Amino acid sequence: MNPWNFTLYDLLARNATAQRDHLALVGEDGSERTFGELRERVDQLGSGLGAAGLAKGDRVAVLAQNFASYFELYFACARQGLIAYPFNWRWSAEEIERMLERARPAAFVADQFCIDNVAQAIRERDGLKLRAVFDGGPAQGWTRLEDLYSSAVASRPDDVSAGDALAVIATAAVDVIPRGALLSHSNILASSAQQVGVMSMTTEDRNLLALPLFHIAGLGNALAVFQAGGANVVMSKFDPGEAVRLIDRHSVTFLSDFPPVLTNVLDAAGEAGSRLPSLRVVSGLDAPDTMERLERETERARFWTGFGQTETSGFVTIQRFRDLPGAAGQAAPLAAIRLVDDYDNDVPTGEPGEILVRGPVVFLGYDGQDEVTEHTFRGGWHHTGDVGRFDDEGNLFYVKRKPEKELIKPGGENVYPAEVETVVAQISGVRGVCVFGIPDPKWGEGIMAVIESDRDDLELDEVRSFVGERIARFKRPGYLELTTSLPRGTDGEIDRVQVKERWGP
């Protein structure tokens, strides 16, 4: 180990020394842990994982809603040099099995809510050193995670590096199976550090951990508040009324948002007669009307927005919405940004170009996909697949996604048209399909499917049911158009531009 090393566990140790008795975590059951107590629990859990035979570099797959012990598991993995591999608990059983092939975990941790989707696949999977559950009584062959907290604390490995992978966060499902973005300790800590500085976070900040811990926004914002020395308040599953109660009870200052989270919280706050006096920052993406409503209906909250990806460990541009509505902000302190044409030449100010990023927040690459990583990192820059433009002051304005990386984001989730199209194409009578995103009043963006078929009895409910049985339910189309002929190019491929022009908003 070298003297420049600093890992996520080192951050915990720092906080446990400097603020031992300061509140660090409020569990889903209302239990509280100081930083000192949190470190003790993480040391115990890390020792238990080691005693179960897990060694540095092993992957720990997690399929669960939010728990305090889930948050502790990230730090225990950091302590032992393990790699956390969180799964989206909304995935179907088929999607989970495909991800298991890509993740190759040595351990699997789930909760009772999700375990039915994986029980058989995990039971039959070779090479697993540990099967554990967060809650409830474990089935045969499974262990309660709580039983791994060992009172006989063992020393941590001495070769865990800040450059080692800390987590693999699922992202683009361009090739049907979601790609896994490898994030290092340094990536996460650099992203947190710049967020702490830009948003002036302090030890008095408290974050409502309502977004899922498998999402970079949920995890990243929780760790940013943690790095500032603040506390996290855990919600197992989002409920707007409970969110308002927790915000007011624990003086929560920080909330992460994807539609319709903020709208639902503001509605619940209005019903409860609360102006959410403690709330200071809401960050994420939402409609301009919702951002304005936040600042109108609360005492001091401000909406922060920007541009970022899982691959960049979170935001790389950021600003308060009110500073320049419509913009994504200027480059964050630890991110260099270029806009280029198809030949990687810089474009003039005001012209659209692909957004390229370089800096310590850029991920290590795609897990097990070296060729994809090499292409993404060509020229020494991360190619995001997104298009933006700069104004004269260096403010970034988001324009669109490049066609080869087209993405729909209903409620902050990533949905790739190719994945949905692959499933819809299996419906009887479907000759062709084009899926794309359109504005949606509830989720921010909705999923439109334009289907070529001679069937005049094909209805949205049948399409949604068929898709929902095979992939995650949030990937079901919410809108449907039927046609006997989709526009095609000379190569026979569906012309997506013409489809959007004809059937889009």
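Before reading further, recall that the structure is shown in the block above.
Read on for a plain summary of the structure. (Residues numbered from 1 in each chain as written. Predicted model: local features only at pLDDT ≥ 70, side-chain atom pairs only at ≥ 80, totals over all residues. Heavy atoms only, no water.)

### Observations regarding the overall build of the protein
Note the threshold: Secondary structure elements follow DSSP: runs of H or I of four or more residues count as helices, runs of E of two or more count as strands, with numbering from the N terminus. Two things to know: the radius of gyration comes from C-alpha atoms, and the globule rule equals 2.2 Å times the number of residues to the power 0.38. Throughout, a residue-residue contact means that at least one pair of heavy atoms, one from each residue, lies within 4.5 Å. Exposure was quantified through the Shrake-Rupley algorithm and a 1.4 Å probe, taking into account, for residues, occlusion by the shown protein chains and nothing else. Charge assignment: positive for Lys and Arg, negative for Asp and Glu; neither His nor the chain ends contribute. For this purpose, a charge sits on NZ of Lys, CZ of Arg, CG of Asp or CD of Glu.
The number of helices and strands found in the protein is 14 helices and 24 strands. Expected size for 505 residues packed as a compact globule is a radius of gyration near 23 Å; at 23 Å, the protein falls within 12% of this value. If one aligns the C-alpha atoms of the protein with their principal axes, the spans along those axes are about 70 × 55 × 50 Å. Excluding contacts between residues fewer than 6 apart, the proportion of contacts in the protein whose partners are at least 24 apart in sequence is 64%. With an accessible surface of roughly 20500 Å², the protein has 47% of that area assigned to carbon and sulfur atoms. For the protein, the distance from the average position of its 52 positive side-chain charges to the average position of its 75 negative side-chain charges is 3 Å.

### Things to note about the sheet that holds strand 23 (residues 444–453)
Where we set the bar: Between any two strands, at least two bridges found by DSSP are needed for them to pair. Only C-alpha atoms enter the line fits that serve as axes; for helices the fit covers just the stretch in contact. Angles between N-to-C directions range over 0 to 180 degrees.
The three strands are arranged 22-23-24 in an open sheet whose pairing can be described as mixed. Every interior strand has two partners, whereas the edge strands, strand 22 (430–440) and strand 24 (479–483), have only one. Strand-to-strand, the axes of this sheet are offset by a mean angle of 20°, without reference to chain direction. Bridge count between strand 23 and strand 24: five bridges; the pairing is parallel. When the bridges of strand 24 are listed, Met 448 appears paired with Tyr 479.

### Notes on the environment of Gly 411
With respect to the helices, strands and loops of the structure, Gly 411 is situated in the loop between strand 21 (396–401) and helix 12 (417–424). In sequence terms Gly 411 and Thr 7 are 404 residues apart; their C-alpha atoms lie 32 Å from each other. Excluding residues within four positions of it along the chain, Gly 411 makes contact with Phe 258, Pro 259 and Trp 443.

### Things to note about the pattern of salt bridges
As a reminder of what qualifies: Definition used for salt bridges: Asp or Glu carboxyl oxygen within 4 Å of a side-chain nitrogen of Lys or Arg. Note on classification: 1.4 Å probe, protein chains only; a residue is buried when its accessible area is under 20% of the maximum for its type, exposed when over 50%, partly exposed between these limits.
Taken as a whole and assessed by the stated rule, the structure comprises 31 salt bridges. Here Arg 156 makes a salt bridge to Asp 10, at a shortest N to O gap of 3.3 Å. Note that Arg 156 is positioned in the loop between strand 7 (143–144) and strand 8 (165–170) and Asp 10 in helix 1 (residues 8–18), a separation of 146 residues in sequence. Judged by its relative accessible area of 25%, Arg 156 is partly exposed. Here Arg 79 ties to Asp 43 by a salt bridge, and the two come within 2.9 Å at their closest N and O atoms. Placement of the pair is Arg 79 in helix 3 (residues 68–80) and Asp 43 in helix 2 (residues 35–51), with a sequence separation of 36 residues. Arg 79 gets classed as buried once you look at its relative accessible area, which sits at 3%. Looking at Asp 43, the relative accessible area reads 12%, which means it is buried.

### Considering the packing of aromatic side chains
Just so we agree on the cut-off: Working definition: rings of Phe, Tyr and Trp (its six-membered ring) pair if their centres are within 6.5 Å, and the pair is stacked with planes under 30 degrees apart, edge-to-face with planes over 60 apart, and tilted otherwise.
Throughout the structure, instances matching the rule amount to 14 aromatic pairs. With a centroid separation of 4.9 Å and 70° between ring planes, the pair formed by Phe 363 and Tyr 366 is classed as edge-to-face. Side by side, Phe 363 and Tyr 366 carry an identical accessibility label, which is buried.

### Description of the nonpolar core
Here is the rule: In this text, buried Ala, Val, Leu, Ile, Met, Phe, Trp, Tyr and Cys residues form a nonpolar core when linked through side-chain atoms within 4.5 Å.
Within the largest apolar cluster, 111 residues are counted, with the highest numbers of intra-cluster contacts made by Phe 87 and Phe 108. Counting residues per element, this core draws most heavily on helix 3, at nine residues. When neighbours within four sequence positions are excluded, Phe 87 is seen to be in contact with Ala 61, Val 62, Leu 63, Ile 96, Met 99, Leu 100, Ala 103, Phe 108 and Phe 214. Among the nonpolar cores identified, the runner-up in size contains 30 residues, and Val 26, Phe 258, Val 265 and Met 291 belong to it.

### A look at the sheet that holds strand 16 (residues 330–331)
Pairing is mixed in the open sheet, where nine strands are placed in the order 2-1-11-10-12-13-14-15-16. Since the sheet does not close on itself, it has two edges, and those belong to strand 2 (32–34) and strand 16, each with one partner. Pairing analysis gives six bridges linking strand 14 (residues 302–309) to strand 15 (residues 314–320), with the strands arranged antiparallel. Across the sheet, the residue bridging to Thr 305 is Gln 319, located in strand 15. Docked against the sheet, helix 7 (residues 216–227) engages strand 10 (206–209), strand 11 (231–234), strand 12 (254–257), strand 13 (281–284) and strand 15, running at close to 160° with respect to strand 10. Each of strand 12, strand 13 and strand 14 touches helix 9 (residues 261–272); the most contacted strand, strand 12, lies at about 130° to it.

### Focus on the packing of helix 2 against helix 3
Just so we agree on the cut-off: An angle below 35 degrees is read as roughly parallel, one above 145 as roughly antiparallel, one from 65 to 115 as roughly perpendicular, and any other as oblique. With the far helix as reference, a near helix turned anticlockwise by less than a right angle produces a left-handed crossing, and one turned clockwise produces a right-handed crossing. All amino acids are sorted into three groups, where Ala, Val, Leu, Ile, Met, Phe, Trp, Tyr, Cys and Pro are nonpolar, Asp, Glu, Lys and Arg are charged, and the leftover types, Gly among them, are polar.
Across the interface, helix 2 lies against helix 3 with an axial gap of 8 Å and an inter-helix angle of 60°. Overall, the two elements helix 2 and helix 3 adopt an arrangement that is oblique. Along this stretch, helix 2 crosses helix 3, giving a crossing that reads as right-handed. Mapping the contact onto sequence places Leu 38, Arg 41, Val 42, Asp 43, Leu 45, Gly 46, Ser 47, Leu 49 and Gly 50 in helix 2 and Glu 72, Leu 73, Phe 75, Ala 76, Arg 79 and Gln 80 in helix 3. Of the residues contributing to the contact of helix 2 with helix 3, the split by class is seven nonpolar, four polar and four charged.

### So, the layout of surface pockets
Short version of the rule: Every definition here rests on a 1 Å grid over the protein atoms only: cavities are sets of points where a 1.4 Å probe fits but cannot get out, pockets are open sets enclosed by protein on both sides within 12 Å along at least five of seven lines, and lining residues have some atom within 4 Å of a point. Grid points are joined across faces, edges and corners, and a volume is the space filled by probe spheres set on the points.
By volume, the second largest pocket is sized at about 760 Å³. If you trace the second largest pocket, you find 32 residues lining it, with Arg 90, Pro 260, Gly 411, Trp 443 and Phe 474 closest to the centre. Broken down by secondary-structure element, the contributors of at least two residues to the lining of the second largest pocket are helix 9 and strand 23. Ranked by residues supplied to the lining of the second largest pocket, first place goes to strand 23 with three residues. Considered class by class, the residues forming the lining of the second largest pocket number 15 nonpolar, eight polar and nine charged.

So yeah, pure geometry; function would need other evidence.
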